[in-house]
There are 2 protein chains.
Amino acid sequence: MLKIDLDTKVKFLHGFSHKTRVEILECIKDNEKTVSQIVEDIQGSQSNISQHLACLKGCGLIVGRQEGKYVYYGLRNQKIRELLTMFDVVLEDVEKDVACCENHLD
Amino acid sequence: MLKIDLDTKVKFLHGFSHKTRVEILECIKDNEKTVSQIVEDIQGSQSNISQHLACLKGCGLIVGRQEGKYVYYGLRNQKIRELLTMFDVVLEDVEKDVACCENHLD
DNA sequence: AAAACATATTAGAAATATCTAATATGAAGG
DNA sequence: CCTTCATATTAGATATTTCTAATATGTTTT
């Protein structure tokens, strides 16, 4: 059990903190895609998506693989995929919880 | 299997996107604490911590329970705790991966 | 009821993140 | 080579988040 540095963890988690990045992650969750496919899927601008991809890569969440003039991006590993799945599971729980307690998320 | 709304998910994930908030979560991971205990543990200002606690509550990650003049904050449920644990597991994986590939996190 | 304590809220300043638009790089095809 | 296509990078404008300092709320203690 390695000791995880707090700053590293924060940087890692930062990857999940923007709508576009979450969309990208979900969009490539099951199979890698080229930048242009991602741009089309989530209807963003090329430059913007490219920047978010760089961010996700920097956070350690995705990897890019060049093939000719295309670059394919996919999740870095299986554990990241499991984490994405877990977000949904946990959120369902939270939502049920919140609904039954009459509290609100904001 | 409920369908999780993207905006709800993004809001939820936003809770993890700041160093102080991650510190708070880790600090109350095993048992709930009062605001002043948290302030002391992570060496922040009362006002600042209070604002981050409000944020975490809004994101659905923690719950507060008043007892006399104290307010105890703890993780909302067990699943959130598992998620925090999973972050460490995934990060270890990523770090090993990154180390062996000679890429960097930034 | 006043004082002391714990926490929350607010406003505005300061710091950071994001987006847009333009340009750069680099590979493939003619 | 020159063009086209896919992607990356940059700079500056804009938007958002965070912090600090001051004040407010609510509870206990005296």
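Look a little higher up for the structure.
Residues numbered from 1 in each chain as written. Chains lettered and ligands numbered in written order. Predicted model: local features only at pLDDT ≥ 70, side-chain atom pairs only at ≥ 80, totals over all residues. Heavy atoms only, no water.

### Section: the sheet that holds strand S1 (residues 33-34) of chain B
All names here are of chain B.
Point 1. Across the sheet, three strands lie side by side as S1-S3-S2; this open sheet has antiparallel pairing. Every interior strand has two partners, whereas the edge strands, S1 and strand S2 (62-67), have only one.
Point 2. Strand direction decides the pairing type here: S2 and strand S3 (residues 70-75), joined by six bridges, are antiparallel. Within the sheet, the bridge partner assigned to Gly64 lies in S3 and is Tyr73. (Pairing = 2+ DSSP bridges. Helix = DSSP H or I, 4+ residues; strand = E, 2+ residues; numbered from the N terminus.)

### Re the environment of Arg21(A)
Residue and element names in this part refer to chain A.
Point 1. With respect to the helices and strands, Arg21 occurs in helix H2 (residues 19-27).
Point 2. With a relative accessible area of 7%, Arg21 lands in the buried category.
Point 3. Through-space distance from the C-alpha of Arg21 to that of Leu53 is 7.6 Å; in sequence the pair is 32 residues apart.
Point 4. With near-sequence residues (within four places) excluded, Arg21 lies in contact with His14, Gly15, His52, Cys55 and Leu56.
Point 5. There is a polar contact of 3.2 Å between the side chain of Arg21 and the backbone oxygen of His14. (Buried < 20%, exposed > 50% of the residue type's maximum accessible area, 1.4 Å probe, protein only. Contact = heavy atoms within 4.5 Å. Polar contact = N/O pair within 3.5 Å; in protein donor to acceptor, adjacent residues only side chain to side chain.)

### Focus: the sheet that holds strand S2 (residues 62-67) of chain A
Residue and element names in this part refer to chain A.
Point 1. The three strands lie next to each other as S1-S3-S2, forming an open sheet whose pairing is antiparallel. Lying at the two open borders of the sheet, with one neighbouring strand each, are strand S1 (33-34) and S2.
Point 2. Set on the sheet, helix H4 (residues 46-58) makes contact with S2 and strand S3 (70-75); between it and S2 the angle comes to about 120°. (Axes fitted to C-alpha atoms, helices over the stretch in contact; angles between N-to-C directions.)

### Side note on the protein's contact with DNA strand D
Point 1. Around DNA strand D lies a shell of 20 residues, among which Ser36(A), Gln46(A), Tyr73(A), Ser47(B) and His52(B) are the nearest.
Point 2. Val71(A) places a polar main-chain atom, nitrogen or oxygen, 3.3 Å from a phosphate oxygen of DNA strand D.
Point 3. Gln51(B) places a polar side-chain atom, nitrogen or oxygen, 3.2 Å from a base oxygen of DNA strand D.
Point 4. If you list the elements that add at least two residues to the surface near DNA strand D, you get helix H3 (35-42), H4 and S3 of chain A together with helix H4 (46-58) of chain B.
Point 5. Classifying every residue of the surface near DNA strand D gives four nonpolar, 13 polar and three charged. (Near = heavy atom within 4 Å. Nonpolar A, V, L, I, M, F, W, Y, C, P; charged D, E, K, R; others polar.)

### Section: the relation of the copies chain B and chain A
Point 1. For the match of chain B to chain A, the screw axis carries a shift of 0.0 Å, the RMSD comes to 0.0 Å, and the turn is 180°. Such a turn and shift between the copies fits a two-fold axis. The C-alpha atom lying nearest the rotation axis in chain B is that of Ser17(B); the distance is 2.9 Å.
Point 2. Taken as a fraction of all interface residues of chain B, those also at the interface in chain A reach 100%, which identifies the copy contact as same-surface. (Least-squares fit on C-alpha atoms with pLDDT ≥ 70 in both.)

### Observations concerning the interface of chain B and chain A
Point 1. Counting residues at the interface gives 40 residues for chain B and 40 residues for chain A.
Point 2. Taken together, the two surfaces of chain B and chain A that pack against each other cover about 4400 Å², and 69% of this comes from carbon and sulfur.
Point 3. Linking chain B with chain A are six salt bridges.
Point 4. Put simply, Asp7(B) and Lys19(A) hold a salt bridge, and the shortest N to O gap is 2.9 Å.
Point 5. Linking chain B with chain A are six residue pairs in polar contact (both at pLDDT 80 or more).
Point 6. Elements supplying a minimum of two residues to the side of chain B that touches chain A: helix H1 (6-14), helix H2 (19-27) and helix H5 (78-101) of chain B.
Point 7. Here the side of chain B that touches chain A gets 16 residues from one element, more than from any other, and that element is H5(B). (Buried area = accessible area lost by both parts, 1.4 Å probe. Salt bridge = Lys/Arg side-chain N within 4 Å of Asp/Glu carboxyl O.)

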